[in-house]
Structure formats: structure tokens, C-alpha cells
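# Observations on the three-dimensional arrangement
Each chain, written out:
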Amino acid sequence: MSIESNRLSPKQYAHNFADFHPPFETHDAALVEANRCLFCYDAPCIKACPTSINVPKFIKQITTDNIKGSAHTIFLSNIMGAGCGKVCPVEKLCEGSCVFNLMDEPPIPIAKLQRYSTEIAMKKDWKLFTRKVTPEGLKAKKVAIIGAGPAGLSCAHMLSREGVDVTIFEKDEKAGGLMTYGIAAYKVTPAFCADEVRYILSIGGINIKYGQELGRNLRLDIMQKDYDAVYVSIGVGLARQLDIEGEELEGVIDAISFIYDIRSKGFSKVPVGDRVAVIGMGMTAIDAATQARRLGAKEVTILYRRTQEEMPCTEVELDIAKLDGCKIIWLAAPKEIIGVNGKVHSLIADVMELDTPDETGRRAPLKTGRQIVLEVDMIIKAAGQMPFESLITENDFENLRGKIVSNNTATNLEGIFAGGDCVNGGKEVVDAVQAGKDGAAAILLYISQQ
Ligand SMILES: Cc1cc2nc3c(=O)[nH]c(=O)nc-3n(C[C@H](O)[C@H](O)[C@H](O)COP(=O)(O)OP(=O)(O)OC[C@H]3O[C@@H](n4cnc5c(N)ncnc54)[C@H](O)[C@@H]3O)c2cc1C
Ligand code: SF4
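Worth saying up front: this structure is predicted, and the values here are computed from it rather than measured.

### What to know about the sheet that holds strand β2 (residues 166-170)
- Reading across from one edge, β3-β2-β1-β4-β17 is the order of the five strands in this open sheet, with parallel pairing throughout. Both edges of this open sheet fall to β3 (206-210) and β17 (416-418), since each of them pairs with a single strand only. Direction aside, neighbouring strands of the sheet carry axes that sit 20° apart on average.
- The pairing of strand β4 (residues 229-232) with β17 spans three bridges and is parallel. Looking at the pairing, Tyr-231 lines up with Phe-417 of β17.
- The strands touched by helix α9 (residues 150-161) within the sheet are β1 (143-146), β2, β3 and β4, with β2 carrying the most contacts at an inclination of about 170°.

### Some thoughts on the nonpolar core
- By size, the foremost hydrophobic cluster in this structure holds 132 residues, and its most contacted members are Val-276, Val-278, Ala-288, Ala-289, Ile-379, Ile-380 and Ile-443.
- Element by element, the count of residues in this core is highest for helix α18 (residues 429-448), at ten residues.
- In contact with Ile-379, other than residues within four places in its own chain, are Gly-251, Val-252, Ala-277, Ile-279, Ile-337, Val-344 and Leu-347.

### Some thoughts on the site of ligand 1
- By nearness alone, 39 residues border ligand 1, and Gly-147, Gly-149, Gly-177, Gly-235 and Gly-420 come closest of all.
- Among the secondary structure elements, those contributing two or more residues to the shell around ligand 1 are α9, β2, α10 (178-181), α13 (255-265), α14 (283-294) and α18.
- Of the residues in the shell around ligand 1, the class split is 18 nonpolar, twelve polar and nine charged.
- Of the domains in this structure, domain 2 (136-237 + 387-448) and domain 3 (240-384) are the two that each give at least three residues to the shell around ligand 1.

### A short note on the site of ligand 2
- For ligand 2, the set of nearby residues contains 14 residues, the closest of which are Cys-37, Cys-40, Cys-45, Cys-98 and Ile-108.
- Here the residues of the shell around ligand 2 are counted per class, giving 14 nonpolar, no polar and no charged.

### Let's talk about the domain arrangement of the chain
- The domain architecture assigned to the chain consists of domain 1 (21-123), domain 2 (136-237 + 387-448) and domain 3 (240-384).
- The centre of domain 1, based on its C-alpha atoms, is set 27 Å off from the matching centre of domain 2.
- Taken together, the 13 residues of domain 1 in the interface contact 17 residues of domain 2.
- The element contributing the most residues to the side of domain 1 that touches domain 2 is helix α6 (residues 81-87), with five residues.
- Residues belonging to the side of domain 1 that touches domain 2 are distributed by class as follows: nine nonpolar, three polar and one charged.

### Considerations on the sheet that holds strand β12 (residues 365-375)
- In space, the three strands of this open sheet follow the order β10-β11-β12, with antiparallel pairing throughout. Looking along the sheet, the strands with just one partner apiece sit at the ends: β10 (332-340) and β12. Strand-to-strand twist in this sheet, taken as the mean axis angle between neighbours without regard to direction, amounts to 25°.
- Two elements, β10 and strand β11 (residues 343-354), share eight bridges in a ladder whose sense is antiparallel. Considered in β11, the bridge of Pro-334 is made with Ala-349.

### Observations concerning unusual backbone geometry
- The phi dihedral of Ser-52 is positive, around 55°, even though this residue is not glycine.
- In this structure, Ser-52 sits in the loop between α3 (44-48) and α4 (55-63).
- In the Ramachandran plot, Thr-409 falls in the positive-phi region, its phi being about 75° despite a non-glycine side chain.
- When you line up the elements, Thr-409 lands in the loop between β16 (403-404) and β17.

### Section: the environment of Tyr-199
- Relative to the elements of secondary structure, Tyr-199 occurs in helix α11 (residues 190-201).
- What makes Tyr-199 buried here is the crowd of 22 C-beta atoms within 10 Å.

### Here's the deal with the pairing of β2
- Burial analysis of β2 places four of its five residues in the buried class, the great majority of the element.
- Note: β1 against β2, four bridges, orientation parallel. Bridged to Ile-145 within β2 is Ile-168.
- As for the winding sense of the linkage, the β-α-β connection from β1 through α9 to β2 is right-handed.
- Note: β2 against β3, five bridges, orientation parallel.

### Considerations on the pairing of strand β7 (residues 275-279)
- With respect to burial, β7 is a largely interior element, four of its five residues being buried.
- Where β7 lies against strand β13 (residues 378-381), four bridges are found, and the strand directions are parallel. Each bridged residue has a counterpart across the sheet, and for Ala-277 the counterpart in β13 is Ile-379.

Definitions and cut-offs
- Residues numbered from 1 in each chain as written.
- Chains lettered and ligands numbered in written order.
- Predicted model: local features only at pLDDT ≥ 70, side-chain atom pairs only at ≥ 80, totals over all residues.
- Pairing = 2+ DSSP bridges.
- Helix = DSSP H or I, 4+ residues; strand = E, 2+ residues; numbered from the N terminus.
- Axes fitted to C-alpha atoms, helices over the stretch in contact; angles between N-to-C directions.
- Contact = placed C-beta atoms within 7 Å.
- Core = buried A, V, L, I, M, F, W, Y, C linked by C-beta atoms within 7 Å.
- Buried ≥ 20, exposed ≤ 12 C-beta atoms within 10 Å, placed from the backbone.
- Near = placed C-beta within 6 Å.
- Nonpolar A, V, L, I, M, F, W, Y, C, P; charged D, E, K, R; others polar.
- Domains from an automatic or database assignment.
- Right-handed = clockwise from strand over helix to strand, strands pointing away.

What follows is the structure, given as C-alpha cells:
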């Protein structure tokens, strides 16, 4: 057993990481699906979208060959509509609520249609928005955004549309946040993410300063004085630790670093074990497990301390992992990692059972006293993310275990707004985009009343 990089040929990597949801091949194929839509009155798909994209409208515009109008309808509500067409868990959002599900027929492939219009718009570089002339009262106003992820970019775009210039301070070298660095490579490619950021910025009025990190070379109290409003959208970034013996051994890695390396270094440069255990059952765990398999791991086992009924990932994601040949062990919690010569050799897990439901209906996992041992050479921790608690506390934010508390995006600090994962604790890209829109609306109101 060993951890190695460069396990596959370039052809195999390309095959394994090819676009997971391929686009329509022809315009006619898109038309066939668009024409199935019933254009429902009171459409449930709109309500299920956190950014309230007018789904029947953009689909109708496809049927009348108004692709520009269709893309505009999507981007008006969600400036990352192209990326969301690739990464949204639509089975629990728009497509999950499509009325066709009630008729036991396949739902309208909303994401694929969304992708159809928006990709044409991006490819043709259609300028669908012009900036408003800055209203007199907002002319001298300065707004800063900290973090260039989906929430920050969405906030910036909305403010720019309204004629307000924005400066984004980003600690990394690229914009896009977890969309660029965290999401599985078979859902979005780095090239697509770069293009999406370029398209968003093409509106103008948004200046990104890279290598600028709150807590290192940026101070919130100074920004509070220098800017009329600041929007904080730094996400949640730290992987939750397992707090078990052996966690420091060579071969134990957290899922976010593993995925970050795949996204930033390239497939052949990322080492992966022969036999890999993944801890957790959220979207991150699934992404890490499937990508470990796609990098050439011979065996990948996902361990979850509860059952399928309680798992945080969707059925569709679970199916992806199973189709990739990942094994699942339910009701197993990591207890200890055994090492040989400083390297991972095996994982001991407690076998769990579920308690009777408490008043909230949730059943706590309890140890049965039995254990299992898995021989593995790599362990990927995907037990959730933690907010930047010390950074949040040091900057005097009212917070709930590190999640910034906000009232309609306004924080307890004067002129400081916040949104996205750093407030909600970690949801989806589409939620962060809506949070950015909400932040921009609150900031516009705030600076216009100053
Ligand atoms: C592994 C993984 C897989 C995921 N897969 C999906 C998926 O398939 N579909 C989906 O919809 N969602 C997915 N998500 C969730 C989604 O990526 C996030 O909800 C979304 O990116 C949150 O946007 P955000 O702007 O709030 O934060 P982020 O995307 O985290 O962006 C925050 C930005 O702030 C910057 N930053 C952080 N700290 C500082 C600082 N101190 N100073 C300056 N800048 C800072 C970061 O570099 C980053 O650019 C996934 C998340 C993870 C971790
Ligand atoms: S629910 Fe389905 S059929 Fe109805 S408008 Fe939305 S996509 Fe069309």
C-alpha cells in the first residue's frame, strides 16, 4: 500500500474528470426539453431557487430563440447562473420541485437549460448589463468587500450595476472562492471559473486587490474608517478536526486541502492512497471520495456515524459515489488511527447505533462497544467546516460559535455588513449569491441615507 501521485495516464485523467453533466449537443435538443415546460402559474421551481430565477420565463425565451433574453433573465437574478447550472444540487432545489415529479415523469432539466443560455452568453461575451449613472448622493461613496467568493462577487456586481464603485480585498491569488478552489473538478473546471469571474467583472467598476487578508495585512477598524460600507464575505474555511489519536500521521489530510490541491496543482500532481477512508457524508465527503477514486485510488470507503436517512448529502450525490465504486459503511465513527513508521496503517472505528429520537426528532449516534478495523494508507477528513472563529471574535463581531450574526446582512458593527458562508455556516453557491444581492441592497440603502 502506498500514497502516490501520477497514477494514471493523461487520457485517463481527462476521461475521469470530464464534464459530469454534459451540455445539450444541439439547439434542437434544448428546444425539445424547453418545450416540455408547462410554464406553470405560481411556478414552484421559482420558489425553490434561493435566487428566485424566473425559470418558466427563461425557458420560454429559449423556445422563441431569444437566447440573449433568456441569459439576461437568469443573470438578472443570479450573476453566477452559469456556474450554478453546473454545481447546484438541483434535485433538492428547482428540479426537485418541478411539477413533473408529481406526475412521475422526469422533471424539466432546468440546470441544463440554464447552462445552455448562459454558456452561449459567456462565449459570445454579450454585455447584458450597463451600469447606471451614479446617483448624485452616491457619487463620492466608497464600498469595500472582503472576500471574492460567490457572495462577494454577487454583492460587487449588484453594486456596480447601481453605479457604485467597489474594491474587493481577496487573500488568494484568484477570485471565485470555493467555486474556484473547492468544488469537484468534474463539476466545474478552473478554466470555466476563471471565465465566469472575467464575465462578472466585465461590467466594470469592480477592482480586486489580491493577497489582501483580513487579520494579516488588512484591518477592519481601519477599513471601517476608510470606507462608507464594508461587506464581509470570507466564507468558512477551516476543516473540522476529528480529535482522535493518530490524526497527525502522514497520510491524514483534510478534504478541503485535498480538493484545493486537485484544483490548483493538476490531477497528476496530487498524491492519493491505494486504500482510502473518507470520514463524513456531506457534499465535501462525496466530492473527496469520488475524486480520490478518479485519481486512481484502488479502494475508497466512506464512513458515516449515522444512517442513510440522516446523511447530509443528497441521494443523487450518494449515487455518484456508489457509481464511482466507493464503499459506504453506515453507523461507524472514527476512534483511532494506527500508524507504522509515522504513516497511516489502519483506522479503528466505533460501530454506532441510533438512540430514540429526542424532542427535535433527531436520533443521536451511540457507541455499541463494538469496533471495526480498516486497513488504509490514506484518511480524508470531511467532517464539516468551521468558521474563522478567532478572526470573527478578534474583530468584535457578534457571533454564534464563529458564525457572524446579522440582521438583514447588517452586523453589530456600524457600516459593516456580512453574508454567505461566514453567516450561514456553509450552504450552497446559490445561497451565497443571494446573500450578496441582499448585502448590496442593504448597503445601497445605508449609504444613500448617510
Ligand atoms: C468541498 C466543497 C464542495 C462544495 N461543493 C458545492 C457544490 O457542488 N455546489 C454548491 O452549490 N456548493 C458547494 N459548496 C459550497 C459552496 O462552495 C459555498 O457555499 C460558497 O462558495 C460560499 O460562498 P462565499 O462567498 O460565502 O464563501 P467562499 O466561496 O468560501 O469565498 C470566500 C472568499 O473569501 C476569501 N477569504 C477568506 N478569508 C479571508 C480573509 N481573512 N481576508 C480576505 N479574504 C478572505 C477566500 O479566499 C474566498 O475567496 C462546496 C463547498 C465545499 C467546501
Ligand atoms: S415547475 Fe417544471 S413545468 Fe412548471 S414552470 Fe417550473 S420547470 Fe416548467
